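Structure assessment
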Amino acid sequence: MFRSFFPQPRLFFTTALGWAAISILVWYWLGDSLGAAMGFQIPAPDAAPVIGIGYFVTPDFVWFYLYYALVTALFAAFWLRRGSDPWRWWSILGTSLIIFSTYFSVQVSVAINEWRRPFFDAVQNALSGSSSVTTDQLFSLLVDFAAIAFVAILVVVATSFFVSHYVFRWRTAMNDYYVARWDEVRSIEGAAQRIQEDTMRFADIVETLGVKIVDSVMTLFAFLPVLFALSSYVSEIPIVGAIPAPLFTAALFWSIFGTGLLALAGIKLPGLYFRNQRVEAAYRKELVYGEDDASRAQPPTLRLLFTNVRKNYFRLYFHYFYFNIARYTYLQADNIFVYLILVPTIAAGKVTFGILQQILTAFGQVSSSFQYLVNSWTTIVELQSIHKRLAAFEAAFEQRPLPEIERLDLIPEAALPSQPE
């Protein structure tokens, strides 16, 4: 799955994570100093934020664009010189471009969050009936929002277009890799389905799940400082009382709780999904044999195979029943959790309407990023199942024994037609 598209996957991802960690540390520790030394006017931490489309072309943003291009070029130069993998340009530079565009999309959300305070404060003042807010000021703020939204549309559409091509290249790489080894894998249950359907589903899931995880990580980098700053408006939370950075601490606790709850409730689902694909493949394969061989696909055999299908589906339904109870209960409670935390602050009138909107947005962004596993658990289960199926191919390539579930005989020998002597 990975060696077909990425050069030396283990080493590649290890060095990528290491280089990313070093680049991030250098940026947060020395980024401002290096930028100032290069002539960029880095604003002070307490400087007023830029509202509108100018947010994306401030000196510190321009400096970040150059810094990202530099660290990407150094990493790509190292790997492009190491071999001649046919997909290395897509896997290296394409991945870097997706990460950058995702980060930029997150910054669009930050820009909109910065816009919320002046706009909603102006609305609150206007509704009070004793302010000097004019229609021109409100229209000007709406124009700023429209400009940010236009940038968001362009970035999202362009990113989606590129990611679709990127993922199809990955599917092409897997398809070529497996087809070239067809003689080694043709005896595996459902081999044709795994090459055609599983690679397609793998690509589809990576297109959505992969972008989501990058988006979640980038959102944390962008909104954690915002949430820390906004925590100064909240002195304590109900029951717990005063704690450091209450908004961030509450978001972290709630998200870890939800992740643990859903992981425990859905622990059996990956294996059941995998077995489901096996029993479906065995049933379909016997039907295909019956098209050309009158002795195959006899009612007793089909009845046995379909019984396996039914049993597995009923087990899935049962485990999904209590999993969905846990999942939907948690997600519904999540809708009011932040309001429960903010009740004392709102009742005391310590924040304006604009600040409240910023808190709700920042808390929601950080909380949803931490809840990545909760929101994507069903898709992750499906991906795990597909990974298990495709891993059987790689076991055949490396002449390793197949996993135990792959060796399970779904059709007893007595149920098959007898062969002529």
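Here is what the cut-offs are and how they apply
- Residue positions within a chain follow its written sequence, with the count starting from 1.
- In keeping with the model being predicted, local features are shown solely for residues with a pLDDT of at least 70 and side-chain atom pairs are shown and tallied solely at 80 or more, while totals for entire chains, interfaces and linings include all residues.
- Hydrogens and waters are ignored; side-chain quantities use all the structure's heavy atoms.
- UniProt positions are given in the numbering used here, feature names are shortened, and annotations may be inferred rather than shown by experiment.
- Think of it this way: any DSSP run of H or I at least four residues long counts as a helix, any run of E at least two long counts as a strand, and we number them from the N terminus.
- Partly exposed residues are those whose accessible area sits between 20% and 50% of the maximum for their type, while under 20% is buried and over 50% is exposed, using a 1.4 Å probe and protein chains only.
- We call two residues in contact whenever any of their non-hydrogen atoms come within 4.5 Å of each other.
- Only the protein chains shown count as cover for residues, with accessible areas throughout obtained via the Shrake-Rupley method and a probe of 1.4 Å.
- Charge counting treats Lys and Arg as positive and Asp and Glu as negative, with His and both chain ends excluded.
- By convention, the point assigned to a charge is CZ for Arg, NZ for Lys, CD for Glu and CG for Asp.
- Each Phe, Tyr or Trp ring, with Trp reduced to its six-membered ring, pairs with another whose centre is within 6.5 Å; inter-plane angles below 30 degrees give stacked pairs, above 60 give edge-to-face pairs, and intermediate values give tilted ones.
- Think of it as a cone above the ring: NZ of Lys or CZ of Arg counts as a charge over the ring if it is within 6 Å of the ring centre and within 35 degrees of the ring normal.
- Here, axes are lines fitted to C-alpha atoms. For helices the fit covers the stretch in contact, and angles between N-to-C directions go from 0 to 180 degrees.
- Roughly parallel means an angle under 35 degrees; roughly antiparallel means over 145; roughly perpendicular covers 65 to 115; every other angle is labelled oblique.

For the protein chain, an unreviewed UniProt entry supplies the name Peptide antibiotic transporter SbmA and the organism Thiorhodococcus mannitoliphagus. Recorded in UniProt for the protein chain, the comment headed Subcellular location (unreviewed entry) runs: "Cell membrane".

**Focus on the overall build of the protein chain**
Of the regular secondary structure elements, the protein chain holds 12 helices and 0 strands. Counting from the amino terminus, the protein chain carries its helices and strands in the arrangement α-α-α-α-α-α-α-α-α-α-α-α. Along the first, second and third principal axes, the C-alpha set of the protein chain runs to 100 × 55 × 40 Å. Within the protein chain, the proportion of its 421 residues that are buried is 41%. Counting only contacts in the protein chain whose residues sit at least 6 apart along the sequence, the fraction spanning at least 24 positions is 80%. Carbon together with sulfur atoms contributes 65% to the accessible area of the protein chain, which is approximately 22900 Å² in total. On the protein chain, the mean spot of the 30 positive side-chain charges and the mean spot of the 32 negative ones are 6 Å from each other.

**Section: the packing of aromatic side chains**
What describes a pair of aromatic rings is the distance from one ring centre to the other and the angle between the planes of the rings. Summed over all chains, the structure comprises 50 aromatic pairs. Taken together, a centroid distance of 6.4 Å and an interplanar angle of 70° make the contact between Phe-56 and Phe-61 edge-to-face. Each member of the pair, Phe-56 together with Phe-61, is buried. When the ring centre of Trp-79 is taken as origin, the NZ or CZ atom of Arg-82, which lies over that ring, is 5.2 Å away.

**Let's talk about the packing of helix α7 (residues 246-265) against helix α9 (residues 299-347)**
Where α7 meets α9, the closest approach of the two axes is 10 Å, and the angle between their N-to-C directions is 175°. Judged by the angle between their axes, α7 and α9 are roughly antiparallel. Counted together, Leu-247, Ala-250, Trp-254, Ser-255, Phe-257, Gly-258, Leu-261, Leu-262 and Ala-265 of α7 and Tyr-322, Phe-323, Ala-326, Arg-327, Tyr-330, Ala-333, Asp-334, Phe-337, Ile-341 and Leu-342 of α9 form the full contact between these two elements.

**Focus on the UniProt feature "transmembrane region" (unreviewed entry) in the protein chain**
When the UniProt feature table is mapped onto this chain, "transmembrane region" (unreviewed entry) is found at residues 12-30, 62-80, 92-112, 145-168, 217-235, 247-267 and 336-356. Segment residues 62-80 splits into 100% helix and 0% strand. End C-alpha atoms: 27 Å apart.

**With respect to unusual backbone geometry**
In terms of backbone geometry, most residues other than glycine have negative phi values and most peptide bonds are trans. Of note in the backbone geometry, Gln-8 takes a positive phi value of approximately 45° without being a glycine. Mapping Gln-8 onto the fold places it in the segment before α1 (9-37). We classify Gln-8 as partly exposed; its relative accessible area is 40%. The phi angle at Ala-245 is positive, at roughly 40°, despite the residue not being glycine. Mapped onto the fold, Ala-245 is located in the loop between α6 (191-230) and α7.

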